[in-house]
Amino acid sequence: MSESNFKSLEATLNKYIPPEELREVKRVLYGRADDNELQFSEETLSLAKDVEIELKGYVFSARKEDLRRPRIVRVAAVQNTVDIPTTAPIHVQRDALHEKISNILRVAVTAGVNIVCLQEAWTMPFAFCTREKFPWCEFAEDVENGPTTKMLKELAKQYNMVIISPILERDANHHDTIWNTAVVISNNGSYIGKHRKNHIPRVGDFNESTYYYEGDTGHPVFETQFGRIGINICYGRHHPQNWMMFGVNGAEIVFNPSATVGGLSEPLWGIEARNAAIANSFFSVAINRVGTEVFPNEFTSGNGLPAHKDFGPFYGSSYVAAPDGSRTPGLSRDKDGLLVVEMDLNLCRQIKDFWGFQMTQRLPLYAESLAKAIKPDYKPQIVKEN
């Protein structure tokens, strides 16, 4: 089967494995035998068809408690292609993506979504492979009053929805510096805050340090009406400590808006966000864009391969993992999609009580060891045979 015919892991499993065996396969691979699909209204299904997106929904429940009511929240992840050619004027490209996402959010609100996260740098093609400054730097905008945030503020208030909007930030207060930033907009339409990407890749075609450096916002957790959320942008998913710090700061849901390609990271994709959910007793939401974006000029990546004009396809496959280690099936590898997950946040504490990972993680021990490890005269603790 060629990569172009491989639509999703789930589609292949469903096609070739008999139903009873498939339940056991899903139990082992995904942590639960049943998908626990979320049912949508006819209005939502019809609108998703009109907008031409894949719509999937699942449910994570928690044990009923005496002293706490269920804390039910619906969270959504959006994955999408960039349809306008990268040679089009900047405002044309951005306006087209604004329209596309506005249409997808219309579907989300009919599905009862409370918090939605868009993909990394969603207002533009992922041009950071090119190492060209122009015209790509023109996509950068102010996080509070730029055109993207202004548009989403109105929709957030209209839809009573928290919106996480990862964009290219232009910081006019500090010499017009550019950052890779996620903007958090409240369901009342106000700007809550931002988080800048902590870990910047220097691997393959991902030459992002040409445009921006590591973020300076730490690991903020945003307390919204619907729960405490963190945003671990893209390459940060490869760093367990990055996930951990959002958990230390009290996150119940951590979103991972990304842009990554199959030749680089696909075998890691289903592992990292899921492992983070297990280790930190929170929900994780892994989001990846789809499609192939072709740029005007060829570029190379210092790996001996011929010059080329595209990354290769982004493989989508967005999914959600729960603190008990279970996860949803993913969206497809090649379609615009909206993944809606209903979750009971009480599960976070219940899993902490059951497994005790936070109780046993021994942060002081690691803090002491890391304080030594960062010193220039550090010597690794290696015991050698005489």
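Nothing here was measured: the structure is a model prediction, and the numbers come from that model.

(A) Structural context of unusual backbone geometry. The amide bond that connects Phe-134 to the next residue, Pro-135, takes the cis arrangement and shows omega of 10 degrees. Checked against the element boundaries, Pro-135 lands in the loop between β3 (115–117) and α5 (147–159). Phi is positive for Asp-176, close to 60 degrees, though the residue is something other than glycine. As for its position among the elements, Asp-176 is in the loop between β4 (162–171) and β5 (177–185). By relative accessible area, Asp-176 is classed as partly exposed at 42%. The phi dihedral of Arg-362 is positive, around 60 degrees, even though this residue is not glycine.

(B) Structural view of the domain arrangement of the protein. When cut into domains, the protein gives domain 1 (1–34) and domain 2 (36–374). Taking the mean C-alpha position of each, domain 1 and domain 2 sit 25 Å from one another. The interface of domain 1 with domain 2 comprises 11 residues on the first partner and 16 residues on the second. Buried surface at the junction of domain 1 and domain 2, both sides included, amounts to about 1100 Å², of which 43% is carbon and sulfur. Counting across the interface, domain 1 meets domain 2 through two salt bridges. Close ionic contact of Glu-10 with Arg-327 constitutes a salt bridge, the shortest N to O distance being 3.8 Å. At the surface where domain 1 touches domain 2, the tally comes to eight residue pairs in polar contact (both at pLDDT 80 or more). Ranked by residues supplied to the side of domain 1 that touches domain 2, first place goes to helix α2 (residues 19–30) with three residues.

(C) Highlighting the sheet that holds strand β6 (residues 191–196). Taken in spatial order, the seven strands line up as β1-β18-β2-β3-β4-β5-β6 in an open sheet, and their pairing is mixed. Single-partner strands in this sheet number two, and they are β1 (54–60) and β6. Direction aside, the axes of adjacent strands within the sheet are offset by 25 degrees on average. Pairing geometry for β4 and β5, over nine bridges, is antiparallel.

(D) Representation of the UniProt feature "domain: CN hydrolase" (unreviewed entry) in the protein within the structure. With numbering aligned to this structure, UniProt lists the feature "domain: CN hydrolase" (unreviewed entry) at residues 73–345. This span, residues 73–345, is 23% helix and 30% strand, and a straight line between its end C-alpha atoms measures 7 Å.

(E) Quick look at the pattern of salt bridges. Scanning all chains against the criterion turns up 23 salt bridges. Residue Arg-94 pairs with Glu-141 through a salt bridge whose shortest N-O separation is 4.0 Å. Note that Arg-94 is positioned in helix α4 (residues 90–110) and Glu-141 in the loop between β3 and α5, a separation of 47 residues in sequence. With a relative accessible area of 5%, Glu-141 lands in the buried category. Through salt bridges that share partners, Glu-169, Asp-171, Lys-194, Arg-196 and Asp-216 make up one connected network.

(F) Looking closely at the packing of aromatic side chains. All told, the structure shown has 15 aromatic pairs when counted by the stated rule. On the numbers, 6.5 Å between centres and 80 degrees between planes, the contact of Phe-126 with Phe-314 is edge-to-face. With a gap of 188 residues between them, Phe-126 in the loop between β3 and α5 and Phe-314 in strand β16 (residues 314–315) connect regions that are remote in the sequence. We note that Phe-126, like Phe-314, is buried. What links up through ring pairs into an aromatic cluster is the set Phe-126, Phe-128, Phe-206, Tyr-211, Tyr-212, Phe-311 and Phe-314. In this structure, Arg-289 packs its charged tip against the face of Phe-314, placed 5.7 Å from the ring centre. Across from the ring centre of Tyr-319, 4.0 Å away, lies the NZ or CZ of Arg-327, which sits over that ring.

(G) Broad picture of the sheet that holds strand β11 (residues 253–258). An order of β9-β10-β11-β12-β17 is seen for the five strands of this open sheet, with the pairing classed as mixed. A strand with exactly one partner marks an edge of an open sheet, and here the two such strands are β9 (222–224) and β17 (319–321). Shown here is a sheet whose adjacent strand axes are inclined to one another by a mean of 25 degrees, direction ignored. Here β11 runs beside strand β12 (residues 283–288); their pairing, made up of six bridges, is parallel. Residue pairing for β12: Asn-256 is matched across the bridge by Ala-286.

(H) Here's a closer look at the pairing of strand β10 (residues 227–231). Most of β10 is tucked away, with four of its five residues classed as buried. What sits between the antiparallel neighbours β9 and β10 is a turn of two residues. One ladder, built from three bridges, connects β10 with β11; its direction is parallel. By the bridge assignment for β11, Ile-231 is matched with Phe-255. Once the chain exits β10 it traverses helix α6 (residues 240–248) before rejoining the sheet at β11, and the crossover so formed is right-handed.

(I) Summary view of the side chain of Thr-181. Its location among the elements puts Thr-181 in strand β5. You can call Thr-181 buried: its relative accessible area is 0%. Side-chain polar atoms of Thr-181 contact the side chain of Glu-169, separated by 2.6 Å.

(J) Structural view of the environment of Asn-232. Here Asn-232 lies in the loop between β10 and α6. Along the sequence, Asn-232 and Ala-286 sit 54 residues apart, while their C-alpha atoms lie 9.5 Å from each other. Setting aside residues no more than four positions away along its own chain, Asn-232 makes contact with Arg-237, Asn-242, Trp-243, Phe-246, Val-254, Phe-255, Asn-256 and Pro-257. A distance of 2.7 Å separates polar atoms of two side chains, one belonging to Asn-232 and the other to Asn-242.

What counts as what
- Residues numbered from 1 in each chain as written.
- Predicted model: local features only at pLDDT ≥ 70, side-chain atom pairs only at ≥ 80, totals over all residues.
- Heavy atoms only, no water.
- Helix = DSSP H or I, 4+ residues; strand = E, 2+ residues; numbered from the N terminus.
- Buried < 20%, exposed > 50% of the residue type's maximum accessible area, 1.4 Å probe, protein only.
- Domains from an automatic or database assignment.
- Contact = heavy atoms within 4.5 Å.
- Buried area = accessible area lost by both parts, 1.4 Å probe.
- Salt bridge = Lys/Arg side-chain N within 4 Å of Asp/Glu carboxyl O.
- Polar contact = N/O pair within 3.5 Å; in protein donor to acceptor, adjacent residues only side chain to side chain.
- Pairing = 2+ DSSP bridges.
- Axes fitted to C-alpha atoms, helices over the stretch in contact; angles between N-to-C directions.
- UniProt positions renumbered as here; feature names shortened; annotations may be inferred.
- Phe/Tyr/Trp six-rings, centres within 6.5 Å; stacked < 30°, edge-to-face > 60°.
- Lys NZ or Arg CZ within 6 Å of the ring centre and 35° of its normal.
- Right-handed = clockwise from strand over helix to strand, strands pointing away.

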